[in-house]
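Descriptive structure summary
Letter by letter, the chains look like this.
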Amino acid sequence: MSTEPRINDRIRVPEVRLVGPSGEQVGIVPLAKALELAQEYDLDLVEVAATARPPVCKLMDYGKFKYESAMKAREARKNQAHTVIKEMKLRPKIDPHDYDTKKGHVVRFLKQGDKVKITIMFRGREQSRPELGFRLLQRLADDVQDLGFVESSPKQDGRNMIMVLGPHKKKTEAMAEARAAADARKAERQGRTAGADADADADVDVDITETDQPAEAQDAAAEAQDAAAEVEAPEAAAPVEQPAEASQGA
């Protein structure tokens, strides 16, 4: 069954309680009159309260109304915080290195605003030493007390002991901080890139007369300069020898 309201000609009642485009109360009018006003205002007649007697209809731009409603729903889903319960399993005689690793995961979950379910698993004779699990859970709660609190105290559940930690920060606050940190990192990266580009531009010293001309043009220019030099400084003329007879008569 469609959940969309009836509009215009799909409204099948003799009269409606009409609301104007600005929210003003027009009153109870025949359906034909309401449709006529909708056409006059170039708007849609939308049934907003079908169960009322008579039904309540409003004059509006239905396409714009649907778009704005979809955008609001999308924004609400974006900001909606879903409560997530993470689970972490430990052994009563856990290795110190493994404990630090598990504690790191718990810290990350709490920073994200999620609850954490801690499960101590007992095997064999360990079931006769529940105090080992209790002390381990208490130690973990003390180590992360700045980020979370004990929401559910340690309880024995068959072969397991369970404790739930809740975050001090709400999920929405953690999400907002994560988005702000991501935006700050993005801005920092963009700033470094812009600075590197500026430095690279400052270091470039271009000689237009040398680099902007192709190699062939540069060679031709050099040859032209050499030819000009030869014209300006021609070789000295060789001395003219006099005929032998003339020299003897002298």
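Just above, that's the structure.
So, here is what we can say about the structure in this document. (Residues numbered from 1 in each chain as written. Predicted model: local features only at pLDDT ≥ 70, side-chain atom pairs only at ≥ 80, totals over all residues. Heavy atoms only, no water.)

1. Observations regarding the sheet that holds strand β3 (residues 44-49)
The mixed open sheet is built from four strands, whose spatial order is β2-β1-β4-β3. Edge positions in the open sheet fall to β2 (25-30) and β3, since each of these has one partner strand only. Taken over all neighbouring pairs, the strand axes of this sheet differ in orientation by 35° on average, direction set aside. Pairing of β3 with strand β4 (residues 56-60) involves five bridges; the strand directions are antiparallel. (Pairing = 2+ DSSP bridges. Helix = DSSP H or I, 4+ residues; strand = E, 2+ residues; numbered from the N terminus. Axes fitted to C-alpha atoms, helices over the stretch in contact; angles between N-to-C directions.)

2. Observations regarding the environment of Val 26
For Val 26, the position within the fold is in strand β2. Judged by its relative accessible area of 42%, Val 26 is partly exposed. For Val 26, the contacting residues outside a window of four places in its chain are Leu 18, Val 19 and Gly 20. (Buried < 20%, exposed > 50% of the residue type's maximum accessible area, 1.4 Å probe, protein only. Contact = heavy atoms within 4.5 Å.)

3. Brief notes about unusual backbone geometry
Residues other than glycine predominantly adopt negative phi, and peptide bonds predominantly adopt the trans conformation. The omega angle of the peptide bond from Arg 53 to Pro 54 is -5°, so this bond is cis rather than trans. Mapped onto the elements, Pro 54 comes out in the loop between β3 and β4. Phi is positive for Asn 8, close to 50°, though the residue is something other than glycine. Here Asp 42, not a glycine, exhibits a phi torsion of approximately 60°, which is positive. Considering the arrangement of structural elements, one finds Asp 42 in the loop between α1 (31-41) and β3. Owing to a relative accessible area of 70%, Asp 42 belongs among the exposed residues under this scheme.

4. Regarding the nonpolar core
Met 88, Leu 90, Val 106, Val 116, Ile 118, Ile 120 and Leu 165 are the most contacted members of the largest nonpolar core, which totals 19 residues. Elements with a minimum of two residues in this core: β5 (85-90), α3 (96-111), β6 (115-121), α4 (130-143) and β8 (160-167). Dropping the residues within four chain positions of it, Leu 165 is found in contact with Val 106, Leu 110, Lys 115, Val 116, Ile 118, Ala 141, Val 144, Phe 149, Val 150 and Glu 151. (Core = buried A, V, L, I, M, F, W, Y, C linked by side-chain atoms within 4.5 Å.)

Spatial relationships are all this shows, so hold off on functional conclusions.
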